[in-house]
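Here are the chains, one letter per residue:
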Amino acid sequence: MVNIALFFLGEFNVGKTTLINTFFGDTYLPMVLEECTAKVTYVMVGETMKVVLRAQQPIAVEVVQVLREFLSYSGIEADVHPDETFNNWVVEYKSNYPEDMYRTLSAIVTLTADEEFPKLKILREKIEEVIAIIPESSVEEDIALVDSPGVHSITETHRKVTEDIIPNCHLVVCLLDSQSAGNEHNRDFIAKLVKERQRKVFFVINKSDQLNPEEIDPQGRRGPAKDLLRCLEGTVQNPEIFFVSALYALYASQLLRGSITLSDIDKNEKIHIPYNIRNQLEQAPNPGEEIANYLMNRSSFQQFKNRLLDYLYTENREGAVLTSVCRFIRDFAYRYAKPLEVKIQLAQQNPRLERIRKERQRLYQEIQNNSKFMEKLIEQLNALSEGGNINDEKFEGQNHLINRLFSRQSIENEIFKLIRQWLCTGDNLTKARKNKYIPLQEKLGEILDNYLKSVSAEINQSIEQYENFVKNQILENGYNFQHTSLSKINLERGAIVAIDASLAFSYILFFTGGILLGGVTGAIIGEGFLSQFSWPDYLGIALPIIPHISAYILGGIGATLGGILGLIARSMGGDEIRREKLIEKISTYIEKTLIQGLKEKTKTELETRKNQLISDIQTYFDDLNMQLNNQIRKLAEEEDRLQKAQQELIQRLQGKVDKLNEIANHAHEIIETAFKTNLTNTNKDV
Ligand SMILES: Nc1nc2c(ncn2[C@@H]2O[C@H](COP(=O)(O)OP(=O)(O)O)[C@@H](O)[C@H]2O)c(=O)[nH]1
Ligand SMILES: [Mg+2]
């Protein structure tokens, strides 16, 4: 397992790839003069030689087929197969020839490959990074070397480098060209690395073979190191500087293992071995080995490598193990926290809860609407009974209607006129009188019945009009108001009282009046004219002398006559008087029963009916609202239950997430501190 990562930083052509090859002892990775490694390449040790091509998305089989063809055309024996995601394809070589990997990668990662192998273009574009696995024991198994394109070369790679790779690297090896060490273009980048990221940086001035021996001074008192120190001033304290010739070291390894021969070295323009030394080495029993040793010595690669391993395994050992464990824990914790956070989010936006809340609001609104509608109805009903226009429909109003139906005018027209007519017709009156007025009672009953029937009809019609108006309103608004109409109003008269028009008293009155009048008249005449008249003389009988006798006699005669005349006078005007008397009696009776009795009764009845309807409507709406209230209560209970469950779930999940995040953060802190501690220790040592 890889615990330690080394990141090789530097502009293109400084020799990063060459240096990495040197670690593995042969030319596994392509080195070219042009800007080269377009993909980030991880190089590490493994049992067999493999190249893993990694993409963000699955790579289609047809696309990879081109690579298979390329390999077989180039005579490279390798098996190409995907992992389960098809994002990663593994090229597994049958043999461990560095040349095979070199050629494969040349076709895939170098920029010139576009022209040389145009068919591989699609595959090249899909590949994000490359892992080269090399079966060499020269590098420890837990180290990965990360080769990058020049930091300035590709913006996207730059982001990837800063965000993904650097945080996971234990050491950054910054390469500089011996010819331009003083103008380090990556100065700001390095400053960031050191200050913000707390990363340890080794500075390697490569191509030292191109320098004069006196220029090679890692202490920086002269030569390129001096320039570099000046350049890094204020950025890195006590930087560790190495002079290396990656090229010499690589050739030395290759020569030692026989990948190249002495003549290859001799032909190579980049290698300069002083003539006398070359001659001297030639004399040795094994010149190849001697020359290899010489080149390796000159390259100073071993010193660099030793210091590097020393740093990684002594100074950084614990840190490396600790950080790799912590990194594992951190990533693990974050990974497990993520789905829980998603769950929390889902729990927070429970659609069912939302639905219930909306439904509850809707029902509440419905109750409000019902109450408002009911109030409006009752208002209308009251207005209707008072009379007026509603929605272009005219309503007379009940009080008005009753007053009209029971007005003097209609009673006169509907009752008195008819009874008078009847009394004046033929011998109705006489017959009535002779039969104790029973026919008159019957007639009056009939007239009253007719009158009350028509009054009832009109009242009922009016009631129906406004009750229907209200009920229709209710139905039209979608309410299922089942209302059985109240029974019709049927006004009824009571039994007609016996009507009796006895004229006895008026006879007595006329009779006594006549007596009085006749008596007084006779007395006045007797006293005035006949005071000297002698009744005994006149009658021829002896009579005692009585004063005022004439007045007595005439008064008596007058009274008798007056009485008789009175009776005659009374009996002559009888019918007319009787009729008037009857009418008077009937009108008192009707006044009492109809006007006051029935009218008031009808009014009360209509009022009761109205109140009954209002109460029915209220009961209906109260019931309706009560049902709705029950629904609301049930929903509220459900909402409460759901909310509690939701809160509980969220709390439970949040607790877990918090713990996981705490673990992750703690692990992260340890990683960061480990790096810092290492750096501080290292700096102290230097
Ligand atoms: N003279 C000399 N040339 C070198 C040395 N290291 C690398 N080169 C050459 O520099 C060129 C670029 O090397 P490469 O490793 O591809 O650089 P990269 O772009 O940083 O990966 C190649 O031609 C190498 O042969 C060295 O130590 N001395
Ligand atoms: Mg390179």
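Above this text is the structure in question.
What comes next concerns the included structure. (Residues numbered from 1 in each chain as written. Chains lettered and ligands numbered in written order. Predicted model: local features only at pLDDT ≥ 70, side-chain atom pairs only at ≥ 80, totals over all residues. Heavy atoms only, no water.)

**Notes on the site of ligand 1**
Here is the rule: What makes a residue near a molecule or strand is one non-hydrogen atom of that residue sitting within 4 Å of it. Here a polar contact means two N or O atoms within 3.5 Å. Within protein one must be a hydrogen donor candidate and the other an acceptor candidate, and residues neighboring in sequence count only if both atoms are side-chain atoms. Each accessible area is a Shrake-Rupley estimate made with a 1.4 Å probe; only the visible protein chains count as cover when residues are assessed. Secondary structure follows DSSP: runs of H or I at least 4 residues long count as helices, runs of E at least 2 residues long count as strands, and numbering of each begins at the N terminus. Ten residues, namely Ala, Val, Leu, Ile, Met, Phe, Trp, Tyr, Cys and Pro, are considered nonpolar, four, namely Asp, Glu, Lys and Arg, are considered charged, and the remaining ones, Gly among them, are considered polar.
Near ligand 1 there are 19 residues, and of these N13, T17, T18, D209 and K270 occur at the shortest range. Between ligand 1 and D209, the relevant distance is 2.8 Å, taken from a nitrogen atom to a side-chain nitrogen or oxygen of the residue. Within the side chain of S245, one N or O atom sits 3.3 Å away from an oxygen atom of ligand 1. Bound to the protein, ligand 1 loses 95% of the 580 Å² it would expose on its own. Mapped by element, the contributors of at least two residues to the shell around ligand 1 are α1 (16-24) and α9 (246-257). Take the shell around ligand 1: its biggest share by element is three residues, from α1. When grouped by side-chain class, the residues that make up the shell around ligand 1 number seven nonpolar, seven polar and five charged.

**Thoughts on the packing of α1 against helix α13 (residues 301-315)**
Axes are the key here: two packed helices are described by the angle between their axes and the distance separating the axes. Under the convention used in this document: To get an axis, fit a line to the C-alpha atoms, keeping to the stretch in contact for a helix; angles then go from 0 to 180 degrees between the N-to-C directions. Every angle not falling under 35 degrees, over 145, or within 65 to 115 is termed oblique; those three ranges are roughly parallel, roughly antiparallel and roughly perpendicular. Contacts are assigned to residue pairs that have any heavy atoms within 4.5 Å of one another.
At a minimum axis separation of 12 Å, α1 and α13 run at an interaxial angle of 80 degrees. Compared by their axis directions, α1 and α13 come out roughly perpendicular. Across the interface between the two elements, L19, T22 and F23 from α1 touch F301, F304, K305 and L308 from α13.

**Topic: the pattern of salt bridges**
This is how it is decided: Each salt bridge in this description consists of a side-chain nitrogen of Lys or Arg and a carboxyl oxygen of Asp or Glu lying within 4 Å of one another. Three labels apply to residues, based on accessible area from a 1.4 Å probe with only protein chains included: buried if under 20% of the type maximum, exposed if over 50%, partly exposed otherwise in between.
Under the criterion given, the structure shown has 30 salt bridges. The salt bridge partner of E639 is R360, with a shortest N-O separation of 2.7 Å. Of this pair, E639 sits in helix α23 (residues 574-685) while R360 sits in helix α15 (residues 351-386), placing them 279 residues apart in sequence. With a relative accessible area of 7%, E639 lands in the buried category. On the basis of relative accessible area, R360 is assigned to the partly exposed category, the value being 28%.

**A closer look at helix α2 (residues 61-73)**
Since the α-helix turns once every 3.6 residues, residues separated by three or four places project in the same direction. For clarity, the threshold we go by: Multiplying 1.5 Å by the residue count of a helix minus one yields the expected span of that helix. In this description, one arc is meant: the one made by directions from the helix axis to the C-beta atoms.
Look at α2: 18 Å from first C-alpha to last across 13 residues, which is about the 18 Å you get at 1.5 Å a residue. Those residues of α2 that fall on the buried side of the exposure criterion are V63, V64, L67, F70 and L71. All buried residues of α2 lie within an arc of 100 degrees about the axis, which places them on one face of the element. Opposite the packed face of α2, turned more than 90 degrees from it, sit the exposed residues E62, S72 and Y73. On the buried face of α2, the contacting elements are β3 (50-55), β4 (78-82), β5 (88-93), α3 (98-109) and α5 (121-126). Positioned one or two residues after α2, G75 has a phi angle of 75 degrees, which is positive.

**Quick notes on the sheet that holds strand β10 (residues 240-243)**
Applicable threshold: Should DSSP find at least two bridges between two strands, the strands are taken to pair.
Ordered in space as β4-β5-β3-β6-β2-β7-β1-β8-β9-β10, the ten strands form an open sheet in which the pairing is mixed. A strand with exactly one partner marks an edge of an open sheet, and here the two such strands are β4 and β10. Geometrically, the sheet is characterised by an average inter-axis angle of 20 degrees between neighbouring strands, direction not taken into account. Taken together, the six bridges between strand β2 (residues 40-45) and strand β6 (residues 127-134) define a ladder with parallel strand orientation. Pairing of V45 across the sheet is with I134, part of β6.

**A closer look at the pairing of strand β9 (residues 200-206)**
For clarity, the cut-off: Orienting the strands away from the viewer, one traces the path from the first strand over the helix to the second; a clockwise path indicates a right-handed crossover.
With seven of seven residues buried, β9 is to be regarded as a mostly interior element. Of the two faces of β9, the one lined by K200, F202, V204 and N206 and the one lined by V201, F203 and I205 are each fully buried. With seven bridges joining them, strand β8 (residues 171-177) and β9 adopt parallel strand pairing. Counted as the bridge partner of V173 is F202 from β9. The pairing of β9 with β10 spans four bridges and is classified as parallel. Each bridged residue has a counterpart across the sheet, and for F203 the counterpart in β10 is I241. You can see the chain leave β9, run along helix α8 (residues 223-232) and come back into β10, and the turn it takes is right-handed.

**Some thoughts on the nonpolar core**
Rules: Put simply, buried Ala, Val, Leu, Ile, Met, Phe, Trp, Tyr and Cys residues joined by side-chain atoms within 4.5 Å make one nonpolar core.
With 73 residues, the main nonpolar core has F23, F24, L67, L145, L295 and F304 as its most contacted residues. Not counting residues up to four positions away in its chain, the partners in contact with F304 are L19, F23, V173, F202, V204, F242 and V244. The next biggest cluster of nonpolar side chains, apart from the first, holds 34 residues, and it includes V40, I133, V201 and V236.

These figures capture arrangement, not role.
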